[in-house]
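# Inside the fold
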Amino acid sequence: MGNYQLICPSCKTEFTGYTLSCNCPTLLRTVYNTPLKLKSLPGLWRFLDWLPCEKQLDTKAGSIVYKSLGLAKELGLTNLHLAFTGYWPERNAHNLTGSFKDLESNSTVAWAREKGVNALTIASAGNTARAFAHLANHVEYDAFLFVPESCLEMLWTPEPPTENIHLFAVNGDYLETIETANKFCDTKCVQNEGGAKNVARRDGMGTVMLDAAFTMNRLPTHYFQAIGSGTGAIACWEMATRLQTHGWAGNPTLHLSQNAPFVPIYNAWKANRRQILPEDMPNAERSIKQIHAVVLSNRSPPYSVGGGVYEALSNTQGEMYSVTNKEAKEAGTLFESVEEIDLVPAAEVAVASLIQSVEQNKVLKDDWILLNVTGGGLARLKEDFGFYPIQPEAFIRDPNQNLEDILT
Ligand SMILES: *Cc1c(COP(=O)(O)O)cnc(C)c1O
Ligand SMILES: [Zn+2]
């Protein structure tokens, strides 16, 4: 039966199988009945007790958490910890597509397989699709991947792509790509991975908070992350609350950042609203094209939904930050020089938000801070692996066109 229940926190209905939602506007949640005992397995599988799958996959994906020396000194912080989810084998970080999307792909595919789901459809702005593509290769699992055409260059695998990967390039932005993928699921009866609604995805990403708690031997006071959808932030908040239920003290404040000029969650939060309105993303299309961290470009994030970003921020007295491209790039350069590993653009945004926070005295010198640098080490990855481009099976020119015509 497994050691968890899948429950709607609103109506308390319990679900089995690969279920993404009930009729309530609330994210479903896993409730783990046993305390977490660490397993001697690699990567995120150490936290298997608090993942919905029963068995691990043959991978080493997972976060590493360590106390910062370089950046901490630069910012005058004494208890800054970094969660790194890229590739850095010397430090035991083996995320072969270079981002924390490797955590969610692993827990999701493991869970889906156990629930008898033999293929998944995934819409992505790039990093998620890359993570699932690699895993599709590695464990021979069919993945139908939809990405905006403009993000195709992010679609590579560290080993030559196999027939388990089915890539579709959509002529549209991330939201239109999500809609196209949804239509594909309905037409072709392939299970939708589910994004933020997928508890396996969230619990996989939430292992970062578990890793941090066990490394620091306490919960952090502050958690920093760059967000597009905010799924990773929701996940870490949920994990912190699970730890509280099991006797851990503390309630980490969420410090979440977006990349200006595309900052819908920042604007809605600053206006004290639970809804994102069109005015929160003026000239959305143009703004999305301008941002340095394209993976942060979600136009319909799980913000208002019960258990979503708004509640996570509210419940932790959270803060939102707006980071310019220039700030992000400068933060990235600083980080690389003092921590000796390169970051992906979204992680640079998170570093810049910490710098803002220190400047505005929102964190104090001795606070226990967890900075989630959500991806990096691509330069190091390139030394060990090839970057094999994935060829799309089809280009979807018009997101409204009939998918039956193009997909066999
Ligand atoms: C997806 C992604 C994010 C944003 O994650 P959320 O799902 O919005 O929490 C941040 N950094 C990187 C590298 C990503 O790939
Ligand atoms: Zn319900």
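Residues numbered from 1 in each chain as written. Chains lettered and ligands numbered in written order. Predicted model: local features only at pLDDT ≥ 70, side-chain atom pairs only at ≥ 80, totals over all residues. Heavy atoms only, no water.

Let us now look at the coordination of the zinc ion (ligand 2). Distances from the zinc ion (ligand 2) to its protein donors, Cys8 (SG), Cys11 (SG), Cys22 (SG) and Cys24 (SG), fall within 2.2 to 2.3 Å. Classification of the site at the zinc ion (ligand 2) rests on its 4 donor atoms, whose angles at the metal span 97 to 124 degrees, yielding the label tetrahedral. When the donor residues of the zinc ion (ligand 2) are listed from N- to C-terminus, their spacing reads C-x2-C-x10-C-x1-C. One end of the pair, Cys11, is in the loop between strand E1 (4-7) and strand E2 (14-15); the other, Cys24, is in the loop between E2 and strand E3 (29-32), and 13 residues separate them in sequence. (Donors = N, O, S within 2.8 Å, 3.2 Å for Na, K, Ca; no water. Tetrahedral: all angles 85-135°; square planar, octahedral: opposite > 155°, others 65-115°. Helix = DSSP H or I, 4+ residues; strand = E, 2+ residues; numbered from the N terminus.)

Around ligand 1 sit 18 residues, and of these Lys101, Gln225, Gly230, Gly232 and Thr374 come closest. The separation between an oxygen atom of ligand 1 and a polar side-chain atom of Lys101 is 2.5 Å. Between Thr231 and ligand 1, the recorded distance is 3.3 Å, taken from a backbone N or O atom to an oxygen atom. Here ligand 1 has 380 Å² of accessible area as a free molecule, and 97% of this is covered by the chains. Sorting the residues of the shell around ligand 1 by element identifies strand E13 (222-226) and helix H6 (231-245) as the ones contributing at least two each. If you tally residues by element for the shell around ligand 1, the top one is H6, at 3 residues. Residue composition of the shell around ligand 1, grouped by class: 8 nonpolar, 9 polar and 1 charged. (Near = heavy atom within 4 Å. Polar contact = N/O pair within 3.5 Å; in protein donor to acceptor, adjacent residues only side chain to side chain. Areas by Shrake-Rupley, 256 points an atom, 1.4 Å probe, with all protein chains shown as cover. Nonpolar A, V, L, I, M, F, W, Y, C, P; charged D, E, K, R; others polar.)

Bringing unusual backbone geometry into the picture now. Outside of glycine, negative phi angles account for most residues, and trans bonds account for most peptide bonds. The step from Ala260 to Pro261 runs through a cis peptide bond, and the omega angle for that step is 10 degrees. Relative to the helices and strands, Pro261 resides in the loop between strand E14 (253-259) and helix H7 (264-270). Positioned with a positive phi, Asn272 is a non-glycine residue whose angle comes to about 65 degrees. With respect to the secondary-structure elements, Asn272 resides in the loop between H7 and helix H8 (284-290). Unlike most non-glycine residues, Glu340 shows phi in positive territory, near 65 degrees. Among the structural elements, Glu340 can be located in the loop between helix H10 (325-339) and helix H11 (345-359).

Once rolled over the atoms, a probe with the size of a water molecule shows which space is left empty. Of the volumes computed, that of the second largest pocket is approximately 480 Å³. Lining the second largest pocket are 19 residues, with Ser150, Gly172, Asp173, Ile288 and Lys289 positioned closest to its centre. Looking at the lining of the second largest pocket, the elements that each hand over two or more residues are helix H4 (174-188) and H8. Top contributing element to the lining of the second largest pocket by residue count: H8, with 4 residues. Its residues assigned to classes, the lining of the second largest pocket shows 8 nonpolar, 4 polar and 7 charged. (1 Å grid on protein atoms, 1.4 Å probe; cavity = no way out; pocket = protein on both sides within 12 Å on 5 of 7 lines; lining within 4 Å. Points joined across faces, edges and corners; volume = space filled by probe spheres on them.)

Attention now goes to the packing of H10 against H11. At a closest axis distance of 8 Å, the pairing of H10 and H11 adopts a crossing angle of 95 degrees. On the basis of the axis angle, H10 is roughly perpendicular to H11. Contacts between H10 and H11 involve Glu327, Ala328, Lys329, Ala331, Gly332, Leu334 and Phe335 on the former and, on the latter, Glu348, Val349, Val351, Ala352, Ile355 and Gln356. Considered class by class, the residues forming the contact of H10 with H11 number 8 nonpolar, 2 polar and 3 charged. (Axes fitted to C-alpha atoms, helices over the stretch in contact; angles between N-to-C directions. Parallel < 35°, antiparallel > 145°, perpendicular 65-115°, else oblique. Contact = heavy atoms within 4.5 Å.)

What follows deals with the environment of Ala268. Within the secondary structure layout, Ala268 lies in helix H7. As a C-alpha pair, Ala268 and Met320 span 52 residues in sequence and 9.8 Å in three-dimensional space. Discounting chain neighbours no more than four positions away, the residues touching Ala268 are Arg273, Gln275, Ile276, Asp280 and Tyr303.

Take the pattern of salt bridges next. A complete count under the given rule lists 19 salt bridges for this structure. In this structure, the salt-bridge partner of Lys39 is Asp49, at a minimum N-O distance of 2.9 Å. Within this pair, whereas Lys39 is found in the loop between E3 and strand E4 (64-67), its partner Asp49 is found in the loop between E3 and E4, the two being separated by 10 residues in sequence. The exposure class assigned to Asp49 is buried, which follows from its relative accessible area of 13%. The structure contains a network of salt bridges with shared partners spanning Glu90, Arg380, Glu383 and Asp384. (Salt bridge = Lys/Arg side-chain N within 4 Å of Asp/Glu carboxyl O. Buried < 20%, exposed > 50% of the residue type's maximum accessible area, 1.4 Å probe, protein only.)

Moving on to the sheet that holds strand E8 (residues 119-123). Here 5 strands make up an open sheet; going across it, the order is E12-E8-E9-E11-E18 and the pairing parallel. Edge strands, defined here as strands with exactly one partner in the open sheet, are strand E12 (191-192) and strand E18 (394-396). Taken together, the 3 bridges between strand E11 (residues 165-170) and E18 define a ladder with parallel strand orientation. Following the sheet pairing, Val170 is matched in E18 by Ile396. Across the sheet, helix H3 (residues 127-139) is in contact with E8, strand E9 (142-148) and E11; its angle to E9 comes to roughly 160 degrees. (Pairing = 2+ DSSP bridges.)

Taking strand neighbours across the sheet as the criterion, the 3 strands line up as E2-E1-E3 in an open arrangement whose pairing is antiparallel. Every other strand in the sheet has two partners, leaving E2 and E3 as the edge strands with one partner each. Pairing geometry for E1 and E3, over 4 bridges, is antiparallel. Bridge pairing in E3 links Gln5 to Val31. Helix H5 (residues 199-216) rests against E1 and E3 of the sheet, and its axis sits at about 60 degrees to E3.

On to the nonpolar core, then. Note on soluble globular proteins: their nonpolar side chains tend to be buried together. In this structure, Leu71, Leu80, Phe84, Leu145, Val351, Leu354 and Leu371 are the most contacted members of the largest nonpolar core, which totals 117 residues. Excluding anything up to four places from it in sequence, Leu71 contacts Leu80, Leu82, Leu334, Phe335, Val338, Glu339, Val351, Leu354 and Leu371. If you look at the next biggest cluster of nonpolar residues, it comprises 12 residues, including Phe144, Phe146, Val190 and Ile396. (Core = buried A, V, L, I, M, F, W, Y, C linked by side-chain atoms within 4.5 Å.)

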